Each structure stands twice: as structure tokens, then as C-alpha cells.
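Examination of the molecular architecture
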Amino acid sequence: MKPAPFAYHRARDVDGATRLLTELGEDAKVVAGGQSLVAMMNFRLARPRHLIDIGGLRELDRLHTDDAGGLHIGALTTHHTVETDPAGTLGAGFGVLRDAMRWIGHLPIRTRGTVGGSIAHADATAEWCLLALALDAEFVARGPRGERRIAAGNFFLGHYMNALDFDEILVEIVFPRPAPQAALTEFAQRRGDFALVAAAVDLDVGDAGEVRGGRVALGGAAASVVRVPEAEAVLADGGSFADCAAAAAEAVDPPGDANGSTHYRKQLVRSLVHNACKEAMKL
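Attention here is on the structure that accompanies the text. (Residues numbered from 1 in each chain as written. Predicted model: local features only at pLDDT ≥ 70, side-chain atom pairs only at ≥ 80, totals over all residues. Heavy atoms only, no water.)

**Focus on the packing of helix H8 (residues 229–236) against helix H9 (residues 241–251)**
The relative placement of two packed helices is expressed as an angle between their axes plus a distance between the axes. Rules: Axis angles are defined between N-to-C directions and span 0 to 180 degrees, where every axis is a line fitted to C-alpha atoms and, for a helix, only to the segment in contact. Helix numbers and strand numbers start at the N terminus; a helix is a DSSP run of H or I with at least 4 residues, a strand a run of E with at least 2. Note on angle classes: values under 35 degrees are labelled roughly parallel, values over 145 roughly antiparallel, values of 65 to 115 roughly perpendicular, and the remainder oblique. Here is the rule for handedness: rotate from the far helix to the near one, and if that takes an anticlockwise turn smaller than a right angle the crossing is left-handed, while a clockwise turn gives right-handed. Working rule for contacts: check all heavy atoms of both residues, and any pair within 4.5 Å makes them a contact. For this classification, Asp, Glu, Lys and Arg are treated as charged, while Ala, Val, Leu, Ile, Met, Phe, Trp, Tyr, Cys and Pro are nonpolar and the rest, including Gly, are polar.
Axis separation between H8 and H9 bottoms out at 7 Å; the angle between their running directions is 160°. One element, H8, and the other, H9, form an angle in the roughly antiparallel class. Of the two elements, H8 crosses H9, and the hand of that crossing is right-handed. Counted together, Glu-230, Ala-231, Val-234 and Leu-235 of H8 and Phe-241, Asp-243, Cys-244, Ala-247, Ala-248 and Ala-251 of H9 form the full contact between these two elements. Each residue belonging to the contact of H8 with H9 can be placed in one class, and the counts come to eight nonpolar, no polar and two charged.

Following this line, the structure appears as C-alpha cells:
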């Protein structure tokens with residue numbers, strides 16, 4: 001299929017893009033790599049009357065750490081840039097981000113798709129959304145009223161819904177601290193497909209190697225990515241990874257569909273959380 005008619009606008013800078021969004025209103029959509037939006041337009045699932053192309057804004061293609069050890073990723077940084085990390089910026093503390101890229105589609109998608117585009121799309125099974133939630137990321141949005149920071153926990157609002165105002169653009173993703181004991185894993189019916197269920201964990205490990213707590217996040221278990229405090233409480237109480245996984249499965253009520261029943265997805269939650277915990281501990 002082909003998309004419905006639309007007008008094409010090419011932004012010269014971020015301020016110009018936000019001005020266009022303000023002028024054109026909610027009939028306008030921002031496009032960068034286009035790996036999600038263009039496909040939805042081709043199937044007429046999305047019908048924006050205006051497309052604002054920000055793909056040429058090189059100022060948003062960056063990857064660096066700050067003096068406090070946090071990681072800053074520009075919204076137009078591609079998945080493949082993170083996957084290959086030619087400058088060695090990620091290091092051991094953010095290796096989970098590099099390792100997670102193997103789950104995203106196929107190489108052509110990773111070379112075109114952007115980190116900011118994936119997060120703004122807010123798919124409940126997207127790897128970047130899950131990583132951001134598990135690692136307490138913050139998002140920097142820019143609009144006509146200036147910049148603001150949005151915590152990942154307040155950003156994902158439901159099916160393909162986020163907390164950006166219609167005239168704002170996501171410009172940067174900030175991971176405030178290293179996460180050397182984190183892992184993401186998922187299950188899809190075919191390599192490169194969207195995950196049925198995905199799980200990410202970030203363990204708090206003491207000097208003696210004991211697990212003192214952690215964060216557990218799931219994709220495909222609700223309308224958006226979610227944290228699972230019941231599973232996190234098990235880790236904080238010194239429970240086993242198996243108990244943590246069981247608590248996660250018990251706490252969620254994932255939707256069933258033609259690809260898997262609710263019961264099946266709950267069993268995937270149990271297996272994937274357990275595996276992610278072991279992978280995070282390098283077991």
C-alpha cells in the first residue's frame with residue numbers, strides 16, 4: 001500500500017522544526033529514520049497531513065559521557081552507532097545498551113533507525129523504551145517554551161503514546177549512571193520480529209557479589225513498558241532469581257492475541273526475567 005497524501009517539510013535546525021510543529025499543529029509528524037512511521041503510513045495506520053524531516057540535523061547525532069559518568073545519546077544517533085560504538089564511549093558500564101542492539105530488527109533497520117525515534121514511537125516492546133525505564137533514563141525535550149527533562153517513568157503513557165507535547169521534539173536521552181550489572185533479553189517468533197515479551201534487569205550488587213536489590217522492567221506485558229515493583233521487592237529481600245521471576249509473572253496480566261495467550265506470555269515473563277538476572281550476573 002501507499003501512504004495518504006502529505007506535505008513534506010525539511011527542518012534546518014531544531015528551533016525551525018519546533019516552529020513548524022507549532023504552525024502546523026497536531027496534523028504534523030516528525031520523521032528521522034522513518035523505520036516505524038513510514039511503515040504505519042504505508043498501511044494507512046497513520047495519516048499525517050505534514051511530515052517534518054529532521055534527519056539532517058547532525059547536532060542531534062552524538063554519543064558522549066559527562067564528568068559524572070552519565071551517558072548522553074542524541075536523538076538521531078542510530079542503533080548501529082550504539083551497536084558498534086567506534087569511539088569506545090559506552091565502556092563496561094553501558095555494555096547492556098550495545099548488547100541489546102542485536103535484538104532490534106535487522107542490520108538495514110539498525111543503520112537507519114534512531115534512538116530518539118524508537119523512544120518517541122513508544123512501542124510497548126521496543127528495546128530502547130525498556131532500557132530507558134529499567135536504567136532510570138531522562139529525556140530532554142525542546143519546544144517553543146524551551147527545554148524540559150522528562151523521567152522515563154513519566155514518559156510512556158500507553159499504546160504508542162508519550163508525554164511530548166505536540167510542538168516538542170525529543171533531542172537527547174540521558175542515562176545518569178553506569179549499569180554494569182544489567183541485561184536485556186526477549187522472545188520473538190522469528191529473528192528480527194517484534195518481541196512477544198521482553199525483560200530488562202539492572203541489579204544492585206555489593207562488593208562481595210551479593211545482590212542487594214535491582215530494577216525489573218517488562219515489555220509486551222501491558223500497554224506500555226512497565227516496572228515490576230513486586231519482583232524488585234524480592235531482590236531487595238535477598239530472594240532468588242527464580243523467586244524474582246515468579247513474582248514478575250504473577251504481578252502482570254499481559255494481553256493475549258493470536259501470537260500467544262495471557263498464560264503463555266506470563267510463562268515467557270518468568271523465563272525471561274530469570275534469564276536476564278543470570279545474564280546480568282554473568283552466570
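**Let's talk about the sheet that holds strand S3 (residues 50–53)**
In a beta sheet, neighbouring strands pair by backbone hydrogen bonds and run either parallel or antiparallel. Operational definition: The criterion for strand pairing is that DSSP finds at least two bridges linking the strands in question.
An order of S1-S3-S2 is seen for the three strands of this open sheet, with the pairing classed as parallel. In this open sheet, the two strands that pair with only one neighbour each are strand S1 (7–10) and strand S2 (28–31). Recorded for the sheet is a direction-independent mean angle of 25° between the axes of neighbouring strands. Summarising the sheet, S2 and S3 pair through four bridges and their orientation is parallel. Bridging across to S3, Val-31 finds its partner in Asp-53.

**Things to note about the sheet that holds strand S4 (residues 63–65)**
The strand order across the open sheet formed by five strands is S4-S5-S10-S6-S7, and the pairing between neighbours is antiparallel. Sheet topology places S4 and strand S7 (146–151) at the edges, where each strand pairs with a single neighbour. Neighbour-to-neighbour, the strand axes of this sheet turn through a mean angle of 25°, independent of strand direction. Here five bridges tie strand S6 (residues 138–143) to strand S10 (residues 169–175), and the two strands are oriented antiparallel to one another. From the neighbouring strand, Val-140 faces S10, where its bridge partner is Glu-172. On top of the sheet, helix H1 (residues 14–24) reaches S6 and S10; it is set at about 125° to S10, its chief contact.

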